[in-house]
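# Observations on chain architecture
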Amino acid sequence: MKIFHTADWHLGKLVQGVYMTEDQRHVLHQFLQAIDEEKPDVVIIAGDLYDRSLPPVDAVDLLDEILAEIVLKRKVPVLSIAGNHDSPTRLQFGSKLMKESGLHIIGELHANLQPILLHDEFGEVHFHLVPFAEPSTVKHLFNDDSINTYDDAMKKIIETIEEKMDKSKRHVFIGHAFITPHGDKEENTSDSERPLAIGGSECVSAQYFKSFHYTALGHLHKAHYVLNETIRYSGSPLKYSASEADHEKGFLIVDMDQDGQVSITKRPFIPRRDLRIVEGNIQEILKHEVSEDYVFVRLTDLTPVIGAMEQIRTVYPNAMHVERKALPKLESTENEGQVRREQMDDKSLFHAFYKEIVGSEPTEIQLQLFEEVLQDMLSEERESNEVVVK
């Protein structure tokens, strides 16, 4: 059986004030082309079809367009679940009617975890669709007061599936969660994905998925496997933040044989515009070739740049953000590339000192107050010098 695994479309995504709908349409049309070329038996979308529970009309229209192309025109079944960004009830609306056409969307978790059965020349493949659910929801559904964390919840869900699992068949799990090798806290690789919980309690152990021949995951935006190569995140189809600038976006093609062994190929998407980080001083950047890419600019200038964004957009018209690169610490000046204290003006010294001590950028009001105090001190110093001269 050939499976296309994708996730985290986040239709309706707004990045730095820019709607990504046309960029999403661009890569999803590549997805349709890949379906025509590869002829998959099923498409998996592992959650976060939308970016918010009330998506804009354009996003709803785009999802309707793509699903109709896959299910109605190409007759390829789609198996999808709700992610933490989706509205479970809205996503599941009309699901009883749609499944007759091959579109299976599970928005809300139910205690009666029945798999969806598909067939190939070797027999049945059981797909277990588990949408995102809070631990409190799982605790209530299964009447189990011992469930307090996402790890507890997933363990309970999988134990329930395994109780009825036919071990002679092939099994695929579809889920939306933060999976780590042993349930220990790890850092997310994307700033565009909101945390599920505070302090690492969102993490779920990959050990629970050993009964499945393949586990198709959504939530984390970087494509990677967890613990072993059969437990995988496909990643998002586009870069949605500067933290994803080095990600290679695409989807996974999973070929499963009669014994449930899988071979996995990653197929990249070519974006309408790349999203990347540009670093340098303003004069260097203004000499770059004009580019339509989405860029996040980090200026290395030691002094403020007046009208920085306006200047940068003469070269990068779709620039999304500009910031001053954080200055190195001032204690050591021996290493190459570090800025010496005596080379910095008073305002830059204050800016670097404040960021080092407080851990954040000073506000415009704080900078203004510093300049006023500095000006008063300089005035007092000049006045005292005049008295000495006299």
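Residues numbered from 1 in each chain as written. Predicted model: local features only at pLDDT ≥ 70, side-chain atom pairs only at ≥ 80, totals over all residues. Heavy atoms only, no water.

- Naming follows an unreviewed UniProt entry, where the chain appears as Nuclease SbcCD subunit D of Ureibacillus endophyticus.
- UniProt lists a comment for the chain under the heading Subunit (unreviewed entry), and it reads "Heterodimer of SbcC and SbcD."
- Recorded in UniProt for the chain, the comment headed Function (unreviewed entry) runs: "SbcCD cleaves DNA hairpin structures. These structures can inhibit DNA replication and are intermediates in certain DNA recombination reactions. The complex acts as a 3'->5' double strand exonuclease that can open hairpins. It also has a 5' single-strand endonuclease activity." (UniProt positions renumbered as here; feature names shortened; annotations may be inferred.)

## Notes on the sheet that holds strand β19 (residues 321–324)
- Ordered in space as β17-β18-β19, the 3 strands form an open sheet in which the pairing is parallel. The sheet is open, and its two edges are formed by β17 (275–280) and β19, each paired on a single side. Here the strands of the sheet are splayed against their neighbours by 20° on average, with no regard to which way each runs.
- Bridge analysis of strand β18 (residues 294–299) against β19 gives 4 bridges, and the strand direction is parallel. Across the sheet, residue Phe296 finds its bridge partner in β19, namely His321. (Pairing = 2+ DSSP bridges. Helix = DSSP H or I, 4+ residues; strand = E, 2+ residues; numbered from the N terminus. Axes fitted to C-alpha atoms, helices over the stretch in contact; angles between N-to-C directions.)

## Topic: the environment of Ala133
- Within the secondary structure layout, Ala133 lies in the loop between β8 (123–130) and α5 (135–142).
- You can call Ala133 buried: its relative accessible area is 15%. (Buried < 20%, exposed > 50% of the residue type's maximum accessible area, 1.4 Å probe, protein only.)

## Observations concerning the side chain of Thr180
- Tracing the backbone through its elements, the reader meets Thr180 in strand β10 (residues 178–180).
- Note on Thr180: relative accessible area 1%, which makes it buried.
- At 3.0 Å, the side chain of Thr180 and the backbone nitrogen of Gly183 are in polar contact.
- A distance of 2.9 Å separates the side chain of Thr180 from the backbone oxygen of Asp184, its partner in a polar contact.
- Not counting residues up to four positions away in its chain, the partners in contact with Thr180 are Glu186, Cys203, Val204, Ser205, Ala206 and Val226. (Polar contact = N/O pair within 3.5 Å; in protein donor to acceptor, adjacent residues only side chain to side chain. Contact = heavy atoms within 4.5 Å.)

## With respect to a nonpolar patch on the surface
- Residues Phe353, Ile357 and Val358 make up a contiguous nonpolar surface patch of roughly 310 Å² in combined accessible area.
- Secondary-structure assignment places Val358 in helix α9 (residues 346–358). (Patch = residues over 30% accessible without salt bridge, like charges linked within 9 Å, V, L, I, M, F, W, Y side chains within 5 Å. Areas by Shrake-Rupley, 256 points an atom, 1.4 Å probe, with all protein chains shown as cover. Salt bridge = Lys/Arg side-chain N within 4 Å of Asp/Glu carboxyl O.)

## Examining the sheet that holds strand β13 (residues 224–226)
- Spatial strand order, β7-β8-β9-β12-β14-β13: 6 strands in an open sheet with mixed pairing. Strand pairing shows two members of the sheet lacking a second neighbour, β7 (116–120) and β13, which therefore form its edges. Along the sheet, successive strands turn relative to each other by an average axial angle of 30°, direction set aside.
- Pairing analysis gives 3 bridges linking β13 to strand β14 (residues 228–233), with the strands arranged antiparallel. The residue bridging Val226 from the neighbouring strand is Asn228, located in β14.

## Focus: unusual backbone geometry
- A positive phi angle, near 50°, is found at His10, a position not held by glycine.
- Unusually for a residue other than glycine, Lys39 sits at a positive phi of about 55°.
- Counting through the fold element by element, Lys39 comes out in the loop between α1 (21–38) and β4 (42–45).

## Quick notes on the packing of aromatic side chains
- Counted according to the given criterion, the structure contains 11 aromatic pairs.
- Centre to centre, the rings of Phe31 and Phe269 are 6.4 Å apart; their planes meet at 65°, and the pair counts as edge-to-face. Residue Phe31 is located in helix α1, and its partner Phe269 is located in the loop between β16 (262–268) and β17; the two are separated by 238 residues in the primary sequence. The same class applies to Phe31 as to Phe269, namely buried.
- Ring centres 6.0 Å apart and planes at 45° place the aromatic pair Phe350 and Tyr354 in the tilted group. Note that Phe350 and Tyr354 are positioned in helix α9 at a spacing of 4 residues, about one turn of the helix.
- Clustering of aromatic rings is evident, with ring pairs tying together Phe4, Trp9, Phe31, Phe251 and Phe269. (Phe/Tyr/Trp six-rings, centres within 6.5 Å; stacked < 30°, edge-to-face > 60°.)

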